[in-house]
Amino acid sequence: MDKAKPLLNVENLGISFGGLRAVQGVDLQLFSKEMVGLIGPNGAGKTTFFNMLTGVYEPTEGTIMLGNRKLNGLSPYKITQGGISRTFQNIRLFGELSVIDNVKVAYHSQAKHSLLSSIIRLPQHFNGEREMEEKALAFLEIFQLQRFKDEKAKNLPYGQQRRLEIARALAASPKLLLLDEPAAGMNPQETKELMNLIALIRETFELTVLLIEHDMPLVMGVCERIYVLDHGQLIAQGTPTEIKNNPKVIEAYLGEEVS
Amino acid sequence: MEYVQQLVNGISVGSIYALIALGYTMVYGIVKLINFAHGDVFMVGSFVGFYSITVLHLPFVAALLVSMVVCAIFGMLIERIAYKPLRNATRIAALITAIGVSLLIEYGFIYVRGAQLEAYPRDVLPDFKINLFGAEIESQAILILGVSIALMILLQFIVHKTKMGKSMRAVSYDAEAAQLMGINVNRTISYTFAIGSALAGAAGVIFGVYYTKIEPLMGIIPGLKAFVAAVLGGIGILPGAMVGGLLLGVIESFVSAIGFSLWRDGAAFIVLILILVFMPSGLFGKNRREKV
């Protein structure tokens, strides 16, 4: 990777809950249009790390820089508007809203028309709504969800819900997309399709992607670089091949060799 | 024919309950709080309308709008000052605060202004009788119903067709996921209080025009009844609040029509007890079984 300025620069990031240091001393750089994996055993602090990036938790130490902007302490909606958006490990769609409304909600911060213009029905309202509708439909089409557009999100089959979550995250027009176990609960065929899709959207939208995933072949297959987290600390980073042969990583996953 | 008349009366009163109930149910839907100060917002709205008409000599529609705007701001202030600091506190803490806010508004208002009654002037709206199927119906009842229905349609439009409405539904479903999708949750909650309070303000003006007599503690009983209406329809569900309010108004009218006018206020609470015993999630609520 060239020495260009990273899109996301995380330095010495850590968080404590009371006496528990859930994550500490994490340094991580993401460069533009990279696809990077974040792996580690259960409870290693991966989701906590995502929560710090998106402002759900405020880190107790360290800094997060997105471009030239410091993200520590910003509220989550500002961070999202600033260019980081995410999906969730356990799907968190707005179940009572229609599929298309789920996508539109995420597109709101881009739409400019105001509530007042809607109430008195100015042309602004209609243009804004039309633009939003078109954009949302375009996202649904990429994920082949357009035929479900008026269905309530909670009625979609599981695999489609996962795809809708990604569509919704994309509608917030992020520079950095965080995917928290997007393939969890999918069968190998669905997983493969999903990965092709992620590769495709990354190309189309010129995204940087940070991916948490347990499916090792998958992570090794699609990511250019991988970070490994264990007990809240980074224990390794490098290309998939380096990671595969790193004794520390093997130890973290399989336990120490019995001698 | 008396029954047609009672039905129309019931629907008119019920539409006032429905307007107040909408505020309860919207706020509950988004922050899971029963805002017991809501009845007092209704009272403040009624007084704002009264002063707009008597002091500023505004016509009915202008007074209605002034009252709605003042109440919207008032509702947002209540939320900012009293409820926002308790956003992550236990629900009971917020509930007790709501009762405290209610008492503060009532007695603060009496302290500043005095407890004396006021009467809306009689000539705010044209008053004549309409003959419908042999029943004498007051023109005011019709106008009130018209205004209420117009406001409910406006609300439906806001909730279902605007960005803010979609944000509200998203926040009420999952506030944390909503803010991670770029929605400003605090602003959405503020708007919800503003819209709910504006409806209560409108209800206050309508109430004043219809019943003429207003006083600083007038919000208590309609507030409680509107709460019953919201529970009757299924709290957190907008059409539920509308139907619940109208139904409650009709029930009350018929209770007095068959000769139990003293039981009129009691009827609402009997309805509440029956609903809580037999249909705790209300007419429109779905009984959610926990998945194992």
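Rules behind the numbers
- Residues numbered from 1 in each chain as written.
- Chains lettered and ligands numbered in written order.
- Predicted model: local features only at pLDDT ≥ 70, side-chain atom pairs only at ≥ 80, totals over all residues.
- Heavy atoms only, no water.
- UniProt positions renumbered as here; feature names shortened; annotations may be inferred.
- Salt bridge = Lys/Arg side-chain N within 4 Å of Asp/Glu carboxyl O.
- Helix = DSSP H or I, 4+ residues; strand = E, 2+ residues; numbered from the N terminus.
- Buried < 20%, exposed > 50% of the residue type's maximum accessible area, 1.4 Å probe, protein only.
- pLDDT = per-residue confidence, 0-100.
- Domains from an automatic or database assignment.
- Contact = heavy atoms within 4.5 Å.
- Buried area = accessible area lost by both parts, 1.4 Å probe.
- Polar contact = N/O pair within 3.5 Å; in protein donor to acceptor, adjacent residues only side chain to side chain.
- Pairing = 2+ DSSP bridges.
- Axes fitted to C-alpha atoms, helices over the stretch in contact; angles between N-to-C directions.

In the annotation of an unreviewed UniProt entry, the entry for chain B reads ABC transporter integral membrane protein, and the organism field reads Fictibacillus macauensis ZFHKF-1. Regarding chain B, the UniProt comment filed under Sequence similarities (unreviewed entry) reads as follows: "Belongs to the binding-protein-dependent transport system permease family. LivHM subfamily." Quoted verbatim from the Subcellular location (unreviewed entry) field of the UniProt record, the comment on chain B reads "Cell membrane".

If you check an unreviewed UniProt entry, chain A appears there as ABC transporter from Fictibacillus macauensis ZFHKF-1.

**Considerations on the pattern of salt bridges**
Opposite charge on two side chains permits them to pair, given that their charged atoms come into close proximity. Throughout the structure, instances matching the rule amount to 18 salt bridges over all chains. For R92 of chain A, the salt bridge is made with E176 of chain B, and the minimal N-O distance between the two is 3.2 Å. Here R92 of chain A is found in the loop between strand 6 (84–86) and helix 3 (99–107), whereas its partner E176 of chain B is found in helix 7 (residues 175–180) on a different chain. Among the residues examined, R92 of chain A registers a relative accessible area of 22% and is labelled partly exposed. Among the charged side chains, a network of salt bridges with common partners joins K225, E252, R264 and D265 of chain B.

**Regarding the confidence of the model for chain B**
Chain-level pLDDT for chain B is 89 on average; 97% of the residues reach the 70-or-more range. This prediction of the complex comes with two scores: 0.84 for pTM and 0.77 for ipTM.

**A few points about the domain arrangement of chain A**
Residue and element names in this part refer to chain A. The domain architecture assigned to chain A consists of domain 1 (1–83 + 174–259) and domain 2 (92–172). The gap between the C-alpha centroids of domain 1 and domain 2 is 27 Å. Contacts between domain 1 and domain 2 engage 18 residues on the former and 12 residues on the latter. Interface area for domain 1 against domain 2, summed over the two sides, is near 1,200 Å², with a carbon-plus-sulfur share of 76%. Of all residues in domain 1, P174, L197 and F205 give up the largest surface area on contact with domain 2, accounting jointly for 33% of the area buried on that side. For the pair domain 1 and domain 2, the interface holds 0 salt bridges. Across the domain 1-domain 2 interface, the total number found is 2 residue pairs in polar contact (both at pLDDT 80 or more). The dominant element in the side of domain 1 that touches domain 2, judged by the number of residues it contributes, is helix 7 (residues 188–205), at 6 residues.

**Focus on the side chain of Q160 of chain A**
Residues and elements named next belong to chain A. Residue placement: Q160 occurs in helix 6 (residues 158–171). Exposure remark for Q160: the relative accessible area of 17% places this residue in the buried category. When near neighbours in sequence (up to four residues on either side) are disregarded, Q160 contacts L145, R147 and F148.

**A short note on the side chain of S52 of chain B**
Here S52 of chain B shows up in helix 2 (residues 38–54). Other than its neighbours up to four places away in sequence, S52 of chain B contacts H57, L58, A63 and V66 of chain B.

**Comments concerning the sheet that holds strand 4 (residues 61–66) of chain A**
All names here are of chain A. Spatially, the 4 strands line up as an open sheet ordered 2-1-4-5, and their pairing is antiparallel. A single partner strand is all that each edge strand has here, and the edge strands are strand 2 (20–30) and strand 5 (69–70). Relative to strand 5, strand 4 runs antiparallel, the two being bridged by 2 bridges. Each residue of the ladder has a partner; that of L66, found in strand 5, is R69. Sheet contacts for helix 1 (residues 46–53): strand 1 (8–17), strand 2 and strand 4; angle to strand 1, the most-contacted strand, approximately 115°.

**Brief notes about the UniProt feature "transmembrane region" (unreviewed entry) in chain B**
Residues and elements named next belong to chain B. In this numbering, the UniProt entry assigns the feature "transmembrane region" (unreviewed entry) to residues 7–30, 50–78, 90–112, 141–159, 189–211, 217–238 and 269–285. Along residues 90–112 one finds 96% helix and 0% strand; the C-alpha atoms at either end are 33 Å apart. Secondary structure across residues 189–211 divides into 100% helix and 0% strand, with the first and last C-alpha atoms of the span separated by 32 Å.

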